[in-house]
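# Coordinate analysis (summary)
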Amino acid sequence: MKVEQKGHTTIIRETKGDVKAFVENISNQHSSYASQNLILDITHDNSISLEDLNLFKEFSKKHLKSKKSLVIVADNIDFDKVPNSITVVPSVLEAHDMIEMDEIERDLGF
């Protein structure tokens, strides 16, 4: 797991190919990241499935309660089948864009 800080956003990259262990690890360390917008980059693992993405649902709910954004970066999936409760994009650049839009909406009171 690699952690990189860019302004008000923390990018956490999964590097071992074990999504379940990655979700458990970041869930256990949530207090360290609760005040940051998060980008979870799981593009290292090319075998990501919708079931794997569903593992992020509870963590996403928990993080969004702190009024911060959580965006997952994954490729090789059908984005139309991703549940609405999690935000998944194909690139880190798009993840940054999503966070910026979320920040603007929060500033405007939406």
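Just so you know, these numbers come straight off a predicted model, no measurement behind them.

Definitions and limits used
- Counting starts from 1 at the beginning of each chain's written sequence and moves along it residue by residue.
- For this predicted model, a pLDDT threshold of at least 70 governs which residues receive local features, and a threshold of 80 or more governs which side-chain atom pairs are given and counted, while totals over whole chains, interfaces and linings are taken from all residues.
- With hydrogens and water excluded, all non-hydrogen atoms of the structure serve as input to the side-chain values.
- By salt bridge we mean one thing: a side-chain nitrogen of Lys or Arg within 4 Å of a carboxyl oxygen of Asp or Glu.
- Exposure classes here rest on a 1.4 Å probe applied to the protein chains alone. A residue is buried below 20% of its type maximum, exposed above 50%, and partly exposed in between.
- The definition of a nonpolar core used throughout is a set of buried Ala, Val, Leu, Ile, Met, Phe, Trp, Tyr and Cys residues joined through side-chain atoms within 4.5 Å.
- In this text, helices come from DSSP runs of H or I with a minimum length of four residues, and strands from runs of E with a minimum of two, each type numbered from the N-terminal end.
- Here a residue-residue contact requires only that any non-hydrogen atoms of the pair lie within 4.5 Å.
- Only residues whose relative accessible area exceeds 30% and that form no salt bridge are eligible for patches; like-charged ones are grouped when within 9 Å, while nonpolar side chains (Val, Leu, Ile, Met, Phe, Trp, Tyr) are grouped when within 5 Å.
- Method for areas: the Shrake-Rupley scheme with a 1.4 Å probe, in which residue coverage is limited to the protein chains shown.

## Regarding the pattern of salt bridges
In the structure shown here, the tally under the stated rule is 5 salt bridges. Note that Glu 4 and Arg 13 form a salt bridge whose closest N and O atoms lie 3.0 Å from each other. On the accessibility criterion, Glu 4 (30% relative accessible area) is partly exposed. A salt bridge links Arg 13 to Asp 41, with the nearest nitrogen and oxygen atoms 3.3 Å apart.

## Points about the nonpolar core
Judged by nonpolar contacts, the single largest core of 20 residues is most densely connected at Leu 40, Ile 42, Leu 53, Phe 56 and Val 88. For this core, the elements supplying multiple residues, two or more each, are helix 1 (19-28), strand 3 (37-41) and strand 4 (70-73). Here the element with the most residues in this core is helix 1; it accounts for 4 residues. For Leu 40, the residues in contact, after removing those within four places along its chain, are Ile 12, Phe 22, Ile 26, Phe 56, Phe 59, Leu 70, Val 71, Ile 72 and Val 73. By size, the runner-up hydrophobic cluster in this structure holds 7 residues, among which are Val 71, Val 73, Val 89 and Ala 95.

## Let's talk about a nonpolar patch on the surface
A grouping of Ile 104, Leu 108 and Phe 110 is seen on the molecular surface, where their side chains present a nonpolar patch of about 400 Å² in accessible area. With respect to the helices, strands and loops of the structure, Leu 108 is situated in helix 5 (residues 92-108). Residue classification places Leu 108 among the exposed positions, given a relative accessible area of 60%.

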